[in-house]
Amino acid sequence: MKPTFNYPLSIQTVELPELAQHHVSMDVLRLDLIHPVISGNKWFKLKEWLRIAAAGGGSHLITFGGAWSNHIIASAFAAREAGLSATGIIRGEKPARLSATLSAAAAYGMRLEFITRTAYRQKDDPIFLAGLSTRYPGAVIIPEGGAGEPGIKGSMDILREIDSSPYSHILCAVGTGTTFKGLSAAASTSQEVIGISALAPPYHFGGYARHTPELLEFMNHFYRTTGIPSDFVYTGKLFYATLDMVRKDHFPPDSRLLVIHSGGLQGNRGLPPGLLYF
């Protein structure tokens, strides 16, 4: 069974003083609104993998992620809806208490297998993958984050399902790079696709999945002024970077920006209460 999504995709215009001052317009593609669990770009990266499983008669999915992985919870839900069983290979030793993300994934029927961080680093090694295939014959193994050619192909549909022609620049957060590659492949030659890395120093606020009071203050201010919630791993940093680039005149006057909200808000549940207003 295919999950029910909110279509057509919603595009929200953002009006902020710095945008007007620099003669730049900005719209946000609200992929966070398409589904409460398979949020944002997660569906687009997963759907071709699910098609491969269905075409090959597969009944089991295996994928990878950490304790607060948006991909893990989306994969668990999508597998259940598709009538497939699923195993999540989880980075790190099993904690005394599961994160909210892993608890939900388990509730959706995903079997959680915890491995050491050292072993997890072998997740792309052919020998490691061969061992998984031996243990789970016929399983479809999805790389972390839905990466790979099927994930890229599915991500191309993000722009294909809207009229993206008016935009001069398309911006997205980058983790595995899968969505960025799909957007780049689908964009026209006149459009610039910009990826804001969650790993690279300019806007990572201390490192991957880390945050600072400055970032959380920005996220709260952005939410109060636009009504758009963001997460501290990807989209909060994306919106911060976009507006910082506007202030620094990275974009020529009359540029039209489309910023991809890739969802993943459940990761905020790892924050102590009271740090975010949404």
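A brief look at the structure comes next. (Residues numbered from 1 in each chain as written. Predicted model: local features only at pLDDT ≥ 70, side-chain atom pairs only at ≥ 80, totals over all residues. Heavy atoms only, no water.)

1. Things to note about the pattern of salt bridges
Under the convention used in this document: Just to be clear on terms, a salt bridge is a Lys or Arg side-chain nitrogen sitting within 4 Å of an Asp or Glu carboxyl oxygen. Secondary structure counts use DSSP, requiring at least four H or I residues in a row for a helix and at least two E residues in a row for a strand, with both numbered from the N terminus. Here the term buried applies to any residue with accessible area under 20% of the maximum for its type, exposed to any over 50%, and partly exposed to those in between, with areas from a 1.4 Å probe on protein chains only.
In the structure shown here, the tally under the stated rule is 13 salt bridges. Among the ionic pairs, K47 bridges to D157, the shortest N-O distance being 2.6 Å. Residue K47 is found in helix α2 (residues 42–55), and its partner D157 is found in helix α7 (residues 149–160); the two are separated by 110 residues along the sequence. Across the pair, exposure class does not vary: K47 and D157 are buried alike. Its salt-bridge partner being E48, residue R51 comes within 2.8 Å of it at the nearest N-O pair. Placement of the pair is R51 and E48 together in helix α2, with a separation of three residues, close to one helical turn. Shared partners join several salt bridges into a network, and the residues in it are K47, D157, R160 and E161.

2. Digging into the environment of A185
If you trace the backbone, A185 turns up in helix α8 (residues 178–186). Considered as a pair, A185 and H60 are 125 residues apart in the sequence and their alpha carbons are 30 Å apart.

3. Some details on unusual backbone geometry
Across residues other than glycine, the phi torsion is negative in most instances, and most of the peptide bonds are trans. Positive phi, normally seen in glycine, also occurs at H23, with a value near 55°. In this structure, H23 sits in the loop between α1 (17–21) and β2 (25–30). For D249, which is not glycine, the phi torsion reads 60° and is therefore positive. Examined against the element boundaries, D249 turns out to sit in the loop between α10 (235–247) and β9 (256–261). Note on D249: relative accessible area 53%, which makes it exposed.

4. Let's talk about the sheet that holds strand β6 (residues 140–141)
In plain terms, the rule: At least two bridges found by DSSP between two strands are what make those strands a pair.
Strand order in the open sheet made by the four strands is β5-β4-β3-β6, with parallel pairing throughout. The strands lining the two open edges of the sheet, one partner per strand, are β5 (111–115) and β6. Sheet topology note: the strand β3 (residues 60–65)/strand β4 (residues 85–91) ladder contains six bridges and is parallel. Bridging across to β4, F64 finds its partner in I89.

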